[in-house]
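Chain by chain, the residues:
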Amino acid sequence: MQKELAVSADQMLAFETDCHIFSGCGFEAPGVHSFIFKPLFTVGGIEFNKTMLLALVGTVAIVWFFWAAFARPKLVPGKLQMVGEAGYDFIRRGVVYEGLGKKEGEKYVPLIVSLFFFVWIMNMWAVIPLAQFPVTSVISYPAALALIVYVLYISLTFKRNGFVGGWKNLSGYDKSLGPVLPLIMFLELFQNLLVRPFTHAVRLFANMFAGHTLLLLFTLATWYLLNGFGILYSGVSFIMTVLMVAFELFIQAVQAYVFVLLATNYIQGALSESH
Amino acid sequence: MIAFVQMAAEEENPLVPPIPEFVIGLLAFAIVFFVLWKKLLPSINKVLEERRDAIEGGIEKAEAAQQEAADVLQQYKDQLAEARHEAARLRSEAQEQGATLIAEMRAEGQRQREEIIAAGHAQVEADRKQAAQTLRQDVGKLATDLAGKLVGESLDDHARQSRVIDRFLDGLEDAAEADASGAAR
């Protein structure tokens, strides 16, 4: 199975460097295999591959940034603190307070803020030179984050509404619905318990997966077409690469925002009164 | 279960999460979350709060100062108005007092004048009475002497003498009163 993988020769460049059009070499299209990496090294029995490494470096980067910005804060902020405050305030006000209110939401600010910046940085790896791989395009990472939100959502639902109230909340129980109530309850339960965490994780994953595939496609094509009059097509492909990078930068931020917006939304649903 | 998941992962289903990555993802996020939650966000929140206080405190201070200034101004105005009122009151009081004083003085003067006049009248009356008394005696004596000389004998009988004199004098007084009333008329 591993023999098909394009990453076998070079972990950093996900294709063979001496393969061009008109040289009797077929185009190796990017695919699912582009998202699977061989272990780079092993520490204590754990095999580290590229995504793990990027996840950890990204973690260090976030912690470093916020440490530098917030560890010794000043009343009159420096540049870094100002940037950090702007980001922090944007999520705190724009997402948490907006969705949960200041009083109720205060408790969830650290979680939502951490989630946003974590997801954003992990997304951003897609366009950072040499790394160029969004960590969130491996389903494990979005799934882990969605699981955290899901566990919080379920536990808050029961903590706030009690056992019966919690189930009523999850099933959208409403007596006035009459005969369609069982159907509604089934659909609501199905949505709240299964679809939500799944879509929450997959929305982020799929966006990053597709984005990376597109970027990879145009990048590989640019290189592959760089031969004879294929250079013209190569130029077009290169322009597309640049445009896609810009577009991806936008999508990375949007997806991080959507992810925390949904998380806030779920928490709000859990905290609201059952019908 | 894990074996199944890993097997599935090896079959390149991108929706099946590889477990090691899952664990690393949780771990990485946990690090970020705990550092932000326990250390960095409280730290920045404190400063944001302080800054808010500083700004709002400044505004509040300014407002307080303004309020105080307005209060003091009002106080001054009140005091000024009160002082004016007091002055006016004092003035009118003084006027009143002056008027009373003058009236009193006038009354006193009047009283003294009347007293003096009354005293004068009394004195005059007393003098007149004394004069009349003296006159009566003198006239009586003169008349008696005269009558004695005329009659040639001394009217020793004092009682008779006195009666005669009184009768004479009464006759004189009646004549004088009739004259006086005639003159007054």
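Since the model is a prediction, treat every value here as computed from it, not as a measurement.

Scanning chain A for helices and strands turns up seven helices and two strands. Going from the N terminus to the C terminus, chain A shows its helices and strands as β-β-α-α-α-α-α-α-α. Looking at chain A as a whole, 37% of its 275 residues are labelled buried. For chain A, the share of sequence-separated contacts (at least 6 apart) that also reach a separation of at least 24 residues comes to 63%.

Glancing now at the UniProt feature "transmembrane region" (unreviewed entry) in chain A. Residue and element names in this part refer to chain A. Mapped onto the present numbering, the UniProt feature "transmembrane region" (unreviewed entry) falls on residues 52–70, 108–131, 138–156, 176–195, 204–225 and 231–251. Here residues 138–156 runs as 89% helix and 0% strand, with 28 Å between its end C-alpha atoms. The span residues 176–195 shows a helical share of 75% and a strand share of 0%, and its end C-alpha atoms are spaced 25 Å apart.

With that out of the way, let us pick up the environment of A:Pro197. For A:Pro197, the location among the structural elements is in helix α6 (residues 181–224). Every residue in contact with A:Pro197, bar those within four places of it in the chain, is listed here: A:Ala146, A:Leu147 and A:Tyr150.

With that out of the way, let us pick up the interface of chain A and chain B. The interface is formed by 37 residues belonging to chain A together with 28 residues belonging to chain B. Mapped by element, the contributors of at least two residues to the side of chain A that touches chain B are β2 (46–48), α1 (50–70), α2 (79–100), α4 (109–124) and α5 (140–171) of chain A. The element best represented in the side of chain A that touches chain B is α1(A), accounting for 10 residues. Residues that form the side of chain A that touches chain B fall into these classes: 29 nonpolar, five polar and three charged.

Here we come to the confidence of the model for chain A. Scored by pLDDT, chain A comes out at a mean of 86, with 93% of its residues at no less than 70. Here residues 1–12 of chain A is modelled with pLDDT under 50, and outside its nearest four sequence neighbours on either side it reaches 19 contacts, counting other chains as well.

Between its first and last C-alpha atoms α4(A) spans 22 Å; for 16 residues at 1.5 Å apiece the expected length is 22 Å, and the two agree. When you tally the buried positions in α4(A), you get 16 out of 16 residues, the bulk of the element.

In the UniProt entry, the feature "transmembrane region" (unreviewed entry) is given for residues 19–37 of chain B. Segment residues 19–37 of chain B splits into 100% helix and 0% strand. End C-alpha atoms: 26 Å apart.

Residues and elements named next belong to chain A. Their axes nearest at 8 Å, the elements α1 and α2 cross at an angle of 115°. Relative to α2, α1 is oriented roughly perpendicular. In this structure, the crossing between α1 and α2 has a hand that is left-handed. For the pair α1 and α2, contact is made by Phe66, Ala68, Ala69 and Phe70 and by Leu80, Gln81, Val83 and Gly84, respectively.

Ranked by size, the top nonpolar core spans 71 residues in total, and within it A:Ile112, A:Val113, A:Leu115, A:Phe116, A:Phe118, A:Val119 and A:Val260 carry the most contacts. Excluding its chain neighbours within four sequence positions, the residues that come into contact with A:Val119 are A:Thr136, A:Leu145, A:Leu204, A:Ala256 and A:Phe259.

Basis of the calculations
- Residues numbered from 1 in each chain as written.
- Chains lettered and ligands numbered in written order.
- Predicted model: local features only at pLDDT ≥ 70, side-chain atom pairs only at ≥ 80, totals over all residues.
- Helix = DSSP H or I, 4+ residues; strand = E, 2+ residues; numbered from the N terminus.
- Buried ≥ 20, exposed ≤ 12 C-beta atoms within 10 Å, placed from the backbone.
- Contact = placed C-beta atoms within 7 Å.
- UniProt positions renumbered as here; feature names shortened; annotations may be inferred.
- Nonpolar A, V, L, I, M, F, W, Y, C, P; charged D, E, K, R; others polar.
- pLDDT = per-residue confidence, 0-100.
- Expected span 1.5 Å × (residues − 1).
- Axes fitted to C-alpha atoms, helices over the stretch in contact; angles between N-to-C directions.
- Parallel < 35°, antiparallel > 145°, perpendicular 65-115°, else oblique.
- Left-handed = near helix turned anticlockwise from the far one by under 90°.
- Core = buried A, V, L, I, M, F, W, Y, C linked by C-beta atoms within 7 Å.

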